[in-house]
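Residue-level structural notes
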Amino acid sequence: MTLFPIITIPDPVLRKVAAPVERTDHELRRLADDMLATMYDAPGIGLAAPQIGISRRLIVMDPAKDDAPKTPLIMVNPEIVTCSDELRLYEEGCLSIPDFTAEVERPARVRVAFLDHKGKKQEKEFSDIWATLVQHEIDHLNGVLFIDYLSRLKRDMVVKRFTKTKRAEAL
């Protein structure tokens, strides 16, 4: 099992649209397993391949808390098919923006088409935390971060803080 370092803002890879995965094979399944291990180790509840520097359309998720049974989900080339009109406000955080959270409003329910880790087409409806999580992770595949839903002032403050920290680390 490989644990990957997690890329943080302002790294430009986080702003790129990820390329589609062309085939689901042993290598992709190993990458997904390594992503799950990285996510659990962080600890986090979701991880997109761009967050480990791989610009491919692959996400892993598991919102199980603490000692609850694990419910990992691997999604290849996920796409939101439909969204509810009803919205839900949720306090979001991100492994690529450590130690920062903010309330983000998103559709309360979404339907997502994707390939599973074996390459089989799936379509699934998500609600509650799963709906927020899948939207957050798919955003990563499109170069969008949860801070993009905040006011420009708040977003700029967060980016400036992380840019300053990166510069200080480089010295």
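Scope of this entry: the structure provided in the associated data block.

Reading the values: the criteria
- In this numbering scheme, every chain counts its residues from 1 along its sequence in written order.
- For a predicted model such as this one, the threshold for reporting local features is a pLDDT of at least 70, and the threshold for listing and counting side-chain atom pairs is 80 or more; totals across whole chains, interfaces and linings nevertheless cover every residue.
- Only hydrogens and water are set aside when side-chain values are computed; all heavy atoms of the structure are taken into account.
- Per the convention used, a helix needs a DSSP run of H or I reaching at least four residues, while a strand needs a run of E reaching at least two, with both numbered from the N terminus.
- A strand pair is defined by DSSP finding two or more bridges across the two strands.
- Axis definition: a line fit to C-alpha positions, over the contact stretch in the case of helices; interaxial angles, taken between N-to-C directions, run 0 to 180 degrees.
- Contacts were defined at the residue level, with two residues in contact if any of their heavy atoms lie within 4.5 Å.
- By definition here, a helix of n residues has an expected span of 1.5 Å times n minus one.
- Any residue under 20% of the maximum accessible area for its type is buried, any over 50% is exposed, and the rest in between are partly exposed; the area is computed with a 1.4 Å probe on protein chains only.
- A 3.5 Å cut-off defines polar contacts: any pair of N or O atoms within that distance qualifies, except that in protein one atom must be a possible hydrogen donor and the other a possible acceptor, and neighbouring residues in sequence count only when both atoms are side-chain atoms.
- By disulfide we mean two sulfur atoms from cysteines, separated by a distance within 2.5 Å.

Turning to unusual backbone geometry, a few remarks are in order. A cis geometry characterises the amide bond from Ile-9 onward to Pro-10, with omega recorded as 10 degrees. For Pro-10, the location among the structural elements is in the segment before helix H1 (26-41). Put simply, Ala-42 and Pro-43 share a cis peptide bond, and its omega is -15 degrees. By secondary structure assignment, the location of Pro-43 is in the loop between H1 and strand E1 (46-48).

Time to look at the sheet that holds E1. Strand order in the open sheet formed by 5 strands is E1-E2-E3-E6-E7, with antiparallel pairing between adjacent strands. A single partner strand is all that each edge strand has here, and the edge strands are E1 and strand E7 (121-127). Taking each pair of neighbouring strands and ignoring which way they run, the sheet shows an average axis angle of 40 degrees. Two elements, strand E6 (residues 109-115) and E7, share 7 bridges in a ladder whose sense is antiparallel. Following the sheet pairing, Val-110 is matched in E7 by Phe-126. With respect to the sheet, H1 is in contact with E1, strand E2 (58-61) and strand E3 (73-83), its orientation differing from that of E2 by roughly 45 degrees. On top of the sheet, helix H2 (residues 128-141) reaches E1, E2, E3, E6 and E7; it is set at about 155 degrees to E2, its chief contact.

With that settled, consider H2. Under the 1.5 Å per step criterion, the end-to-end length of H2 is 21 Å for 14 residues, consistent within 8% with the ideal 20 Å. For H2, a buried count of 11 out of 14 residues is recorded, marking the element as mostly surrounded by other parts of the structure. Taken as a whole, H2 has its buried residues at Ala-131, Thr-132, Leu-133, Val-134, Gln-135, His-136, Glu-137, Ile-138, Asp-139, His-140 and Leu-141. Directly beyond the C-terminal end of H2, a positive phi value near 75 degrees is found at Gly-143.

Turning to its location among the elements, His-136 is positioned in helix H2. If we ignore the near neighbours within four places in the chain, the residues touching His-136 are Glu-92, Gly-93, Cys-94, Arg-106 and Phe-146.

Relative to the helices and strands, Glu-86 is located in the loop between E3 and strand E4 (87-94). Overall, the relative accessible area of 46% leaves Glu-86 in the partly exposed class. Discounting chain neighbours no more than four positions away, the residues touching Glu-86 are Arg-106, Pro-107, Ala-108 and Arg-109. Of the polar contacts made by the side chain of Glu-86, one reaches the side chain of Arg-109; its length is 2.8 Å.

Another aspect to go through is the state of the cysteines. Summed over the entire model, instances satisfying the criterion amount to 0 disulfides. Considering cysteine sulfurs only, Cys-94 is the nearest to Cys-83, which forms no disulfide, with 19 Å between them.

The next thing to look at is the side chain of Asp-139. Tracing the backbone through its elements, the reader meets Asp-139 in helix H2. The residues contacting Asp-139, other than those within four sequence positions of it, are Arg-106, Val-144 and Tyr-149.

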